[in-house]
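Chain by chain, the residues:
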Amino acid sequence: MPPQHPVDLPDSRLAALRGPRPPQPYTARKITALTANPACSRRAVLDAVGIDKALLAQRMGYEPRFGQSPFALAREQAFEALVKWGGYAELIRLLREQLGIPVEEAGVTDLNEVGGDTSLARRVKETRGLLTRLASGSDERLILDRPLLTLEVAGQTAYLAPQALTHRVGGKFYVAEIRSFPAIDGQANPTAVAQTAKQAAVSVLALHRTFEELNLDPEQIAHEFLLICPKDFSNRPYGRLVDLRQELDALRFQLTRLRRADDLALALPPSATLDTDRDVDELDSSVGALDASYTPDCLSFCEMARYCRDEATTCASPTRLGGTVRNTLPGVDSTRTTLAYLDGVHAPGPAEAAAIDRLRAAERLRRLRRGGAA
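Residues numbered from 1 in each chain as written. Predicted model: local features only at pLDDT ≥ 70, side-chain atom pairs only at ≥ 80, totals over all residues. Heavy atoms only, no water.

### Things to note about the pattern of salt bridges
Counting across every chain of the model gives 20 salt bridges. Here the salt bridges do not stand alone but share partners, grouping Arg43, Asp47, Lys53 and Glu303 into one network. (Salt bridge = Lys/Arg side-chain N within 4 Å of Asp/Glu carboxyl O.)

If you want it as structure tokens, here you go:
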């Protein structure tokens, strides 16, 4: 039987596409963006290859217009340092207030490194060893700082490091996430909280996968996470538990819809490259060979969105008008062709007939609304 993919091994193929630059790791933020548009093969391959999408978009003439500013990143890092300053005093205080644990006994293990070794493999192994010990009934009150968990995303292994993970509290482990947006009178920006909840769900799901691989009981993982942010207009840390059940269900479903990125990359010609140091025409040809699923929502979470929008406009794709229009016009792949059907230049085929009938009905209603004849 011939090999299923008679080309380079997937990992070497993805590495060859990336070029000499080191890969950009998956993050919870990237995974939530990818699962928001699971039909986009282009994003799946770019993330699996580990390309710096902001740099790629810039090289192709599309400066990204969103993302965390350096100031916001610095503020978030400073606030995280404050929460963990003084032997993690503020983190321990919030755990005591929110979870009611006798944290005077709590100790902390920093998993940013293990004995000076910062390699992913060493950190994953150490994290798994500690989780096995704690989940197996140890009374140790140990908080894990930046534990390293793994999660399969589009056939690739993503390494994820939540900002903290508690020991068992009431039989449950809790993920803690630290953000710098404020909670005014106990209420934080709902959009920011929703985004943080989606990213926390990625970490909690990775924790579930780790427990399953270690033959530990996933029922020990809480379906809530501890959100920590500044209180009012001060830098005083404030915390509250946020339910994640809806986000976890959605994430599990969306991950199952992702196709393997290495399979998608096999569709590229052998000469394709995503190396951001290569010629712009080569990059344009390679990126264009990957199917995109553009929607206007992409502008808020994907660095390549403006490139894809221009591509959709050039092709007169209905996706340019949004998911609602696209879903209302099944079988229609060009607004120019649609106008030709409506003007009677061409006759629609069976696949387009229903959509064209709906458009004619909509036009008739529009004329009636404006006082015209039906």
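### Quick word on the packing of helix H2 (residues 28–36) against helix H7 (residues 190–213)
Where H2 contacts H7, the axes come no closer than 9 Å and their chain directions differ by 105°. Between H2 and H7, the crossing angle belongs to the class labelled roughly perpendicular. Across the interface between the two elements, Ala28, Arg29, Ile31 and Thr32 of H2 pack against Lys198, Gln199 and Val202 of H7. Of the residues assigned to the contact of H2 with H7, the class counts are three nonpolar, two polar and two charged. (Axes fitted to C-alpha atoms, helices over the stretch in contact; angles between N-to-C directions. Helix = DSSP H or I, 4+ residues; strand = E, 2+ residues; numbered from the N terminus. Parallel < 35°, antiparallel > 145°, perpendicular 65-115°, else oblique. Contact = heavy atoms within 4.5 Å. Nonpolar A, V, L, I, M, F, W, Y, C, P; charged D, E, K, R; others polar.)

### A word on the packing of aromatic side chains
By the definition in use, this model includes two aromatic pairs. Ring plane angle 85° and centroid distance 5.6 Å describe the contact between Tyr62 and Tyr307, whose orientation is recorded as edge-to-face. With Tyr62 in the loop between helix H4 (53–59) and helix H5 (70–99) and Tyr307 in helix H11 (residues 305–314), the pair connects residues that are 245 residues apart, well separated along the chain. Accessibility classification places Tyr62 together with Tyr307 in one group, the buried group. Each ring, one from Phe173 and one from Phe211, has its centre 5.5 Å from the other, and the planes form 75°; the classification is edge-to-face. Taken as a pair, Phe173 in strand E6 (residues 173–178) and Phe211 in helix H7 lie far apart in primary sequence, 38 residues in all. (Phe/Tyr/Trp six-rings, centres within 6.5 Å; stacked < 30°, edge-to-face > 60°. Buried < 20%, exposed > 50% of the residue type's maximum accessible area, 1.4 Å probe, protein only.)

### Let's talk about the nonpolar core
Val153, Leu207 and Met304 are the most contacted members of the largest nonpolar core, which totals 75 residues. Counting the residues that make up this core, at least three belong to each of domain 1 (13–67 + 260–328) and domain 2 (70–256). In terms of nonpolar packing, the next biggest core, distinct from the first, is built from 19 residues, Val83, Leu91, Ile92 and Ala164 among them. (Core = buried A, V, L, I, M, F, W, Y, C linked by side-chain atoms within 4.5 Å. Domains from an automatic or database assignment.)

### Things to note about the layout of surface pockets
When its volume is computed, the second largest pocket comes out at roughly 320 Å³. For the lining of the second largest pocket, the secondary structure elements donating two or more residues are helix H1 (10–18), helix H3 (41–49) and strand E4 (156–160). (1 Å grid on protein atoms, 1.4 Å probe; cavity = no way out; pocket = protein on both sides within 12 Å on 5 of 7 lines; lining within 4 Å. Points joined across faces, edges and corners; volume = space filled by probe spheres on them.)

### Some words on the packing of helix H6 (residues 120–135) against H7
Here H6 crosses H7 at 75°, and the two axes come no closer than 11 Å. As the angle between them shows, H6 and H7 are arranged roughly perpendicular. Two secondary-structure elements touch here, H6 through Arg128, Leu131 and Ala135 and H7 through Leu207, Thr210, Phe211 and Glu213. Here the contact of H6 with H7 is built from residues that sort into four nonpolar, one polar and two charged.

### Things to note about the environment of Asp145
Looking at the element boundaries, Asp145 is found in strand E2 (residues 142–145). The residues touching Asp145, leaving out its near neighbours within four places in the chain, are Lys84, Tyr88, Val108, Thr109, Asp110, Leu111, Asn112 and Gln163. Polar side-chain contacts of Asp145 include one of 2.6 Å to the side chain of Lys84. (Polar contact = N/O pair within 3.5 Å; in protein donor to acceptor, adjacent residues only side chain to side chain.)

### Description of the pairing of strand E9 (residues 221–230)
Most of E9 is tucked away, with eight of its ten residues classed as buried. With five bridges connecting them, E6 and E9 associate as parallel partners. By the bridge assignment for E9, Val175 is matched with Phe225. In this structure, the hairpin formed by E9 and strand E10 (residues 237–243) is closed by a connection of six residues, where Asp232 is found at a positive phi of approximately 50°. (Pairing = 2+ DSSP bridges.)

### Section: the sheet that holds strand E5 (residues 164–165)
Spatially, the six strands line up as an open sheet ordered E1-E2-E5-E6-E9-E10, and their pairing is mixed. Each end of this open sheet is capped by a strand with a single partner; those strands are strand E1 (107–110) and E10. Note that E9 and E10 share seven bridges and pair antiparallel. Looking across to E10, one finds that Glu224 is bridged to Asp243. Contacts from H5 reach E1, E2, E5, E6, E9 and E10, with the element oriented near 65° to E10. Contacts between H6 and the sheet are confined to E1, E2, E5 and E6, with E2 contributing the most and set at about 155° to the helix.

### Digging into H5
For H5, built from 30 residues, the straight-helix expectation of 44 Å at 1.5 Å per residue is missed by more than 12%, its first-to-last C-alpha distance being only 33 Å. If you look at H5, its biggest bend is around 120°, right at Gly87. Directly after H5, the chain includes Gly100, whose backbone phi takes a positive value near 65°. (Expected span 1.5 Å × (residues − 1). Bend = angle between axes of the 7 residues up to and from the residue.)

### Observations regarding empty space enclosed by the protein
Following the criterion strictly, the structure yields two cavities of 30 Å³ or more and no others. The calculated volume of the largest cavity comes to roughly 60 Å³. Together, Cys40, Arg42, Arg43, Leu46, Lys53, Tyr294, Cys298, Cys302, Met304, Ala305 and Cys308 line the largest cavity. Elements supplying a minimum of two residues to the lining of the largest cavity: H3 and H11. In terms of residues, the lining of the largest cavity owes the most to one element, H3, which gives three residues.

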